[in-house]
Amino acid sequence: MDFAFDARTEELRKRLLTFMDEHVHPAEAVAEEQRARLDSPWQVPPVVEELKAAARERGLWNLFLPDTEYGAGLTNLQYAPLAEITGRSPRLAPTATNCAAPDTGNMEVLAQFGSAEQRERWLKPLLAGEIRSAFAMTEPEVASSDATNIRTRIRREGDEYVVTGHKWYISGAMHPDCEIFIVMGKTAPDAADIRRRQSMVLVPRDTPGVEVRRAMKVYGYEDHDHGGHAEVFFHDVRVPVANLIGEEGGGFAIAQARLGPGRIHHCMRLIGMAERAIELMCRRAATRTAFGGPLAAQGVVQQWIADARVTVEQLRLLVLKTAWLMDTVGNRGAHTEIQAIKIAVPRAVVGILDRAVQLHGAGGVSQDFPLAELWAAARTLQLADGPDEVHQRSLARRELKRHAQD
C-alpha cells in the first residue's frame, strides 16, 4: 500500500508487517497442528500465547484503543492501516495483538462507560490479555437487527438484577478464558421511549443460571480461534446492582457507541483479507497451467485480478475517509460514511474472495487454503453488526431527507 501516513503510523506498520512475516504467518500451520493434538478444539494452541508475548515485546498491543491510559493512543486514521495488516491473518493476528472482537468493543464500553470498580475488575485483565469476554445481544426469537426488539429481561430485585433470556451467536462465549459477559436486556419494557428500555449489565460466566448450551456454526465453521459463537441461556441469573454499566435505560446508546468503531474495525480487516486473496490469486495464476498455458495468460483471470485491485484501492480510500471523519467530527458526524463502508466493503470483498476461490478450483473450497474460511467470514459480515439492508434503509432516509430540504 503506497500511502503516506504520519511517522508513528509508518513505524508501527513496518514493525507489524515484520511481525506478521516472521511470526504470525508461520504460526498458522503450527496452530492447526497443535489444535489437532489438544483434548478439546476450544483449547488454545500454545503458539497463540507465544505470539501474544512476542507482540507485547514489540509494542504491538491494544493498538485499537485511542485512550493513552488504556491503549496505544492511536486515532482511527492511524489504526486503520494496522487493522488492515492484521486482517491478512484474521484467525491469529487480532488475538496476538489483543485487538480481537468482541473484546475490543467490550474494552471500549468499559473504558467509556464502566465504573472505577468495573474497570479494575474486568477492563484491567482484558487489557492484559489474561481473560476473554463476550457481548450478549443477538436473540433467536426476534429480529435483533432492531435492538428495540430484544426480549431478555433485566429486572431489579433489591440490591440485585435478575437476568432472564435466550441469546445466540454470542461470539467468544466458548473460549475457555471467557470470564465475563456484557448482557443487553430490557429494564423498562414499557417505557414510552423505546430506546430507553434497554440496559447493559456485567454477568460473570460462572454465575449460577448461566448456561452456555452449544456452539453455533457459521457456514459449517465453529471459529475456534475466535472462541466460537454460542447459544446462551440466562435462567434467573442474579448479579449485584453495581454490575449495571452506565445508567438504567442507557443500553441502546451504549450499543450504538460500541458498534461504530466495531464496524470500521471489521472493514479495515476485510481489506487485509482482500489483499491476501489477491496475493493468492496472483501466485496461483502464475504457477498453474491449463489448456497449454499459465492461468495468468487467460483474459478472464487478468480481469479478475485487475478488478480486485481497483476495488481494494477504492474501498481503502473510503475507509480512510471514514476513519478521518470519526477522528475529526465524531461517530455521529461520520454516520453516513460508517454505514457506507459497512455496506460496500463486505459485499465487494466477498466478490473478490469468490473469484479467488474459483481460480483455485477444488483447492479454493478446501482446508489447504484460507480462502473458504475467509469467504465465510466476509459473507457473515453482511449480517453482523446490522445487515446490509438496515444500513441501506437508514442511509437512504438520510439522503432523501437532505435533498428534501433543498
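Everything that follows concerns the structure shown earlier in this document.
Just so you know, the residues in each chain are numbered from 1, in the order the chain's sequence is written. It should be noted that, the model being predicted, local features are given only for residues of pLDDT at least 70 and side-chain atom pairs only at 80 or more, the latter also being counted only at that level, while totals for whole chains, interfaces and linings use all residues. Heavy atoms from the whole structure form the basis of all side-chain values; hydrogens and water molecules are not counted.

Draft legend 1. Layout of the overall build of the protein. Of the regular secondary structure elements, the protein holds eleven helices and ten strands. Radius of gyration means the value over C-alpha atoms here, while the globule rule gives 2.2 Å times the residue count to the 0.38 power. Computed over its C-alpha atoms, the radius of gyration of the protein comes to 22 Å, within 12% of the 22 Å expected for a compact globule of 406 residues. When a residue's accessible area, from a 1.4 Å probe over protein chains only, is under 20% of the maximum for its type it is buried; when over 50% it is exposed; and in between it is partly exposed. For the protein, buried positions account for 53% of its 406 residues. Throughout, a contact is declared for two residues whenever any of their heavy atoms are within 4.5 Å. Considering only contacts within the protein whose residues lie at least 6 apart along the sequence, 74% involve residues at least 24 apart. Note on areas: these come from Shrake-Rupley sampling with a 1.4 Å probe, and a residue is covered only by the protein chains present in the view. Surface accessibility of the protein: about 18,300 Å² in total, with carbon and sulfur atoms responsible for 51%. Note on charges: Lys and Arg go in the positive column, Asp and Glu in the negative column, and His and the chain ends are not counted at all. Every charge is mapped onto a representative atom, which is NZ of Lys, CZ of Arg, CG of Asp or CD of Glu. Taking the average location of the 49 positive side-chain charges in the protein and that of its 54 negative ones, the two points are 4 Å from each other. Comment: elements are numbered from the N terminus, with helices defined as DSSP H or I runs of at least four residues and strands as E runs of at least two.

Draft legend 2. Representation of the nonpolar core in the model. Side-chain atoms within 4.5 Å link the members of a nonpolar core, which is a set of buried Ala, Val, Leu, Ile, Met, Phe, Trp, Tyr and Cys residues. Core analysis: the biggest nonpolar cluster contains 91 residues, and Phe-19, Tyr-79, Met-200, Val-319, Val-345, Val-349 and Leu-353 have the highest contact counts within it. Here this core takes 15 residues from helix 7 (residues 251-287), the largest share from any one element. Dropping the residues within four chain positions of it, Val-345 is found in contact with Cys-267, Leu-270, Ile-271, Leu-315 and Val-319. The next biggest cluster of nonpolar side chains, apart from the first, holds 23 residues, and it includes Ala-173, Cys-178, Phe-181 and Ala-230.

Draft legend 3. Here's a closer look at helix 11 (residues 388-404). For helix 11, with 17 residues, the first-to-last C-alpha span of 24 Å sits near the 24 Å given by 1.5 Å per residue. Of all the positions in helix 11, only Asp-388, His-391 and Leu-395 are classed as buried. Along the axis of helix 11, the buried residues cluster in a sector spanning 70°; they form a single face. Of the exposed residues in helix 11, the ones pointing more than 90 degrees away from its buried face are Glu-389, Arg-393, Arg-397, Leu-400, Lys-401 and Ala-404. Tucked into the core, helix 11 has its buried residues touching helix 7 and helix 9 (335-360). Each residue after the first adds 1.5 Å to the expected span of a helix. The arc in question is the one traced by the directions running from the helix axis out to the C-beta atoms.

Draft legend 4. Quick look at the packing of aromatic side chains. For this analysis, a ring pair means two rings from Phe, Tyr or Trp (six-membered ring only for Trp) whose centres lie within 6.5 Å, classed as stacked if their planes differ by under 30 degrees, edge-to-face if by over 60, and tilted for the remaining angles. Taken as a whole and judged by the stated rule, the model has three aromatic pairs. Between the aromatic rings of Phe-181 and Phe-234, the centroid separation amounts to 5.9 Å while the plane-to-plane angle is 90°, which identifies the pairing as edge-to-face. Pair noted here: Phe-181 is in strand 4 (residues 178-186) and Phe-234 is in strand 7 (residues 229-240), with a separation of 53 residues, a long-range link. Per residue, the accessibility class of Phe-181 equals that of Phe-234, and both read buried. Between Tyr-219 and Trp-375, the aromatic rings sit 5.3 Å apart at their centres with planes inclined by 65°, giving edge-to-face as the arrangement.

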